[in-house]
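Working through the structure, step by step
Below, each chain spelled out in residue letters.
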Amino acid sequence: MLDTALTEDLHHAVRALLDAPLELATNAEKASILRAVQASQDLLDGVKAEVLESFAQSGGPEDDGAPTLKAWARRTLRLSATEVGRLTTAARTLRRLPAVREAMAAGRVRLQHVHEFSSGLVKGGEEIIELGTDYLLSVAEAHEPAALREEVRAWIDAVHPDSLDEAYIRGMDKRDLQVSRVGDGYVVNGFLDIPTGAKLKTVLDSLGSTSDRDDRRPPAERRLAGLDALLTAVLDHGLPTRKGIRPQLHVTVDLDRLRGDGAAEPARLQGWGVIGDRLLGSLLCDADVTGVLTDGFTSGSLPQAAVLNVGRSERLATPAQRSAIMVRQGGRCANPGCDNTSLEIHHLDWWVRDLGLTDLDKLVGLCARCHHLLHAGKLHARGAADGTTSFSLSAGTPVPDQRRTSRHLARERLRILRALLAATQASATQDSASGHAASRNAAA
């Protein structure tokens with residue numbers, strides 16, 4: 001059993017430093033404080049990396065009701081998936097390179113230097129980096145991480161001249177394509193192998209060409225227009241169904257918004273977020289409009305029983321129920337902190353054990369890992385009074401859904417703001433109309 005006084009003493013020491021009258025310190029004392037804080041932070045970074053990996057290896061995230069270490073860290077430590085991945089990789093590097101671990105424990109290198117050693121292990125291999133560890137450590141102890149990065153690359157090239165070609169071959173299993181929202185649109189990043197890249201280039205070159213001499217559009221516009229048409233055709237006809245539902249691009253909008261209520265919540269485009277009424281109108285021109293009832297209870301006032309509920313007549317959720325659950329949960333797993341989007345439908349009252357009903361308010365969407373945690377008894381789910389689902393651990397400890405709470409508060413504030421803006425705009429329009437009427441009467 002670890003002595004918890006260790007972390008308590010650490011907290012007290014940091015708290016005492018924060019409470020110290022730093023404005024009274026001399027510049028020499030401030031410099032000393034900065035050096036001490038930096039050295040301590042570097043040491044703590046190493047501890048965090050190693051403890052994080054140990055926590056994952058011992059099944060800690062599952063015991064705490066999370067499907068993965070990244071989901072647990074996102075929910076508990078507010079770390080991104082990228083940060084968690086880099087930390088666990090650093091922990092493995094420290095284990096593989098004891099000299100680097102010793103240097104970090106002595107405060108001679110920082111976590112960012114360890115990241116460069118990690119990159120070197122991937123690109124050059126363990127034997128090559130081990131061969132130059134002493135030299136590379138001397139560079140790391142005297143320079144910033146960027147300088148170490150250059151030396152690692154130079155060392156690999158010197159020891160293994162064919163490393164570039166071999167790294168390319170090894171990198172084939174790391175092919176990736178990411179489409180990320182940036183600013184007012186999307187940025188496409190990734191790395192494609194030669195056959196896939198050649199196919200994509202051929203398609204884009206074909207889309208960018210024209211056989212019509214009167215087509216004056218620039219190639220970029222032709223490529224984007226052709227790619228949009230290709231993607232539309234694939235979504236309409238080319239993708240297989242997933243349990244009765246064909247993948248589609250979804251726009252969700254409240255009925256009040258469609259009726260012109262400016263105070264209603266704006267429409268949301270799947271994978272993007274809130275969109276304006278003009279874009280909504282453009283998308284609606286070519287879209288199928290489907291009414292989706294996302295809440296309401298079996299015994300409540302909404303006609304849910306007649307629309308979506310099937311009781312004990314069917315065990316599996318119907319396509320209509322799956323669509324409603326996807327919209328209700330924003331397409332993501334309901335377990336707090338989990339962002340997986342491939343969902344399985346779970347009966348809150350189990351089908352066999354509890355003789356549960358296949359009714360919308362008794363169903364929740366979970367990813368495969370969270371679904372397994374629930375049936376393994378490490379996670380419990382219960383329908384809440386507001387139609388949402390609350391989660392708890394096996395010991396009864398509730399799993400906080402801070403994201404849902406903050407999102408609910410934000411939407412409430414935005415709803416009030418939109419209502420105020422709509423009222424102000426209506427008042428201004430009325431005043432303007434009254435002014436015009438008064439001018440006409442005066443003229444008469």
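Notes on the structure follow.

Parameters at a glance
- The written sequence of each chain sets the order in which its residues are numbered from 1.
- Predicted model: local features are reported for residues with pLDDT of at least 70 only, side-chain atom pairs are reported and counted for 80 or more only, and whole-chain, interface and lining totals are derived from all residues.
- Calculated side-chain values reflect all of the structure's heavy atoms, with hydrogen atoms and water omitted.
- A run of DSSP states H or I qualifies as a helix once it reaches four residues; a run of E qualifies as a strand once it reaches two. Both are numbered from the N-terminal end.
- With a 1.4 Å probe rolled over the protein chains alone, any residue whose accessible area is under 20% of its type maximum counts as buried; one over 50% counts as exposed, and the rest are partly exposed.
- When checking whether two residues touch, look at their non-hydrogen atoms; a contact exists if any pair is within 4.5 Å.
- The nonpolar core is taken to be a set of buried Ala, Val, Leu, Ile, Met, Phe, Trp, Tyr and Cys residues, with the residues joined through side-chain atoms within 4.5 Å.
- Stacked, tilted and edge-to-face pairs are distinguished by plane angle, under 30 degrees for stacked and over 60 for edge-to-face with tilted covering the rest, among Phe, Tyr and Trp rings (Trp via its six-membered ring) whose centres lie within 6.5 Å.
- For a ring to carry a charge above it, either NZ of a lysine or CZ of an arginine must fall within 6 Å of the ring centroid while also lying within 35 degrees of the normal to the ring plane.
- Two strands qualify as a pair provided DSSP detects at least 2 bridges between them.
- Candidate patch residues must exceed 30% relative accessible area and have no salt bridge, after which like charges are joined if within 9 Å and Val, Leu, Ile, Met, Phe, Trp or Tyr side chains if within 5 Å.
- Each accessible area value is a Shrake-Rupley result obtained with a 1.4 Å probe; residue values ignore everything except the protein chains displayed when judging cover.
- A pair is scored as a salt bridge if a Lys or Arg side-chain nitrogen falls within 4 Å of a carboxyl oxygen belonging to Asp or Glu.
- Fitted lines through C-alpha atoms serve as axes, helices being fitted only where they are in contact, and the angles separating the N-to-C directions of these axes extend from 0 to 180 degrees.
- Note on terminology: angles under 35 degrees are roughly parallel, angles over 145 are roughly antiparallel, angles of 65 to 115 are roughly perpendicular, and the others are oblique.
- Helix crossings get a hand from a simple test, with the near helix turned counterclockwise from the far one by less than a right angle marking a left-handed crossing and a clockwise turn marking a right-handed one.
- When residues are grouped by polarity, Ala, Val, Leu, Ile, Met, Phe, Trp, Tyr, Cys and Pro land in nonpolar, Asp, Glu, Lys and Arg in charged, and all others, Gly among them, in polar.
- Given a helix with a known number of residues, its expected span is that number minus one, times 1.5 Å.
- As used here, the arc belongs to the directions running from the helix axis to the C-beta atoms.

Okay, the overall build of the chain next. Scanning the chain from terminus to terminus reveals 19 helices and ten strands. Among the 444 residues that make up the chain, the fraction classed as buried is 27%. Residue pairs in contact within the chain that sit at least 24 positions apart in sequence constitute 52% of those at least 6 positions apart.

Another aspect to go through is the nonpolar core. V100, V114, F117, I129 and L148 are the most contacted members of the largest nonpolar core, which totals 30 residues. Breaking this core down by element, the ones donating at least two residues are α2 (27-57), α4 (69-76), α5 (81-96), α6 (98-105), α7 (111-124), α8 (126-131), α9 (133-142) and α10 (145-159). Ranked by residues supplied to this core, first place goes to α5 with five residues. Beyond its immediate chain neighbours, meaning those up to four positions away, L148 contacts H113, E116, F117, L136, V139 and A140. C338, C370, L393 and V399 belong to the second-largest nonpolar core, a separate cluster that totals 16 residues.

Enumeration over the complete set of coordinates arrives at two aromatic pairs. Positioned above the aromatic ring of W350 is the side chain of R353, whose terminal nitrogen or guanidinium carbon lies 3.9 Å from the ring centre.

With that out of the way, let us pick up the sheet that holds strand β9 (residues 389-393). Judged by pairing direction, the sheet is antiparallel, and its three strands sit side by side in the order β8-β9-β10 without closing on themselves. Edge positions in the sheet fall to β8 (379-383) and β10 (398-399), since each of these pairs with one other strand and no more. Looking at chain direction, β8 and β9 are connected through five bridges and run antiparallel. Residue pairing for β9: A381 is matched across the bridge by F391.

Spatially, the three strands line up as an open sheet ordered β3-β4-β5, and their pairing is antiparallel. Pairing within the sheet leaves two strands with one partner each, and these edge strands are β3 (251-252) and β5 (273-274). As paired elements, β3 and strand β4 (residues 268-269) share two bridges and run antiparallel to each other. When the bridges of β4 are listed, T252 appears paired with R268.

Turning next to the side chain of N335. By the element assignment, N335 lies in the loop between α17 (319-328) and β6 (343-347). On the basis of relative accessibility, which here comes to 1%, the residue N335 falls in the buried class.

On to a nonpolar patch on the surface, then. Residues L10, V14, L18 and L44 make up a contiguous nonpolar surface patch of about 340 Å² in total accessible area. Among the elements that line the nonpolar patch, the one with the most residues is helix α1 (residues 5-19), at three residues. Inspection of the secondary structure puts L18 in helix α1. For L18, a relative accessible area of 57% puts it in the exposed group.

A few words on the packing of α7 against α10. Two elements in contact, α7 and α10, have axes separated by 9 Å at closest approach and are oriented at 20°. Looking at the two axes, α7 sits roughly parallel to α10. With respect to the hand of their crossing, α7 and α10 are arranged in right-handed fashion. Each of Q112, H113, E116, F117, G120, K123 and G124 in α7 lies in contact with α10, whose residues at this interface are P145, L148, R149, V152, R153 and I156. Each residue belonging to the contact of α7 with α10 can be placed in one class, and the counts come to five nonpolar, four polar and four charged.

Moving on: α10. A rise of 1.5 Å per residue sets the reference length of α10, with its 15 residues, at 21 Å; its end C-alpha atoms lie 21 Å apart and thus fit the reference within 8%. Those residues of α10 that fall on the buried side of the exposure criterion are P145, A147, L148, V152 and I156. Projected down its long axis, α10 carries its buried residues within an arc of 170°, all on one side. Of the exposed residues in α10, those oriented more than 90 degrees away from the buried face are E150 and A158.

The next thing to look at is the pattern of salt bridges. Two side chains with opposite charge may pair up if their charged atoms get near one another. Taken as a whole and judged by the stated rule, the model has 14 salt bridges. The salt bridge involving E50 is made with R101; its shortest N-O contact spans 2.6 Å. Taken as a pair, E50 in helix α2 and R101 in helix α6 lie far apart in primary sequence, 51 residues in all. For E50, a relative accessible area of 26% puts it in the partly exposed group. R96 is the partner of E126 in a salt bridge, and the nearest nitrogen-oxygen pair spans 3.2 Å. Separated by 30 residues along the polypeptide, E126 in helix α8 and R96 in helix α5 bring together distant segments of the chain. Residue classification places E126 among the partly exposed positions, given a relative accessible area of 27%. What makes R96 partly exposed here is its relative accessible area of 35%.

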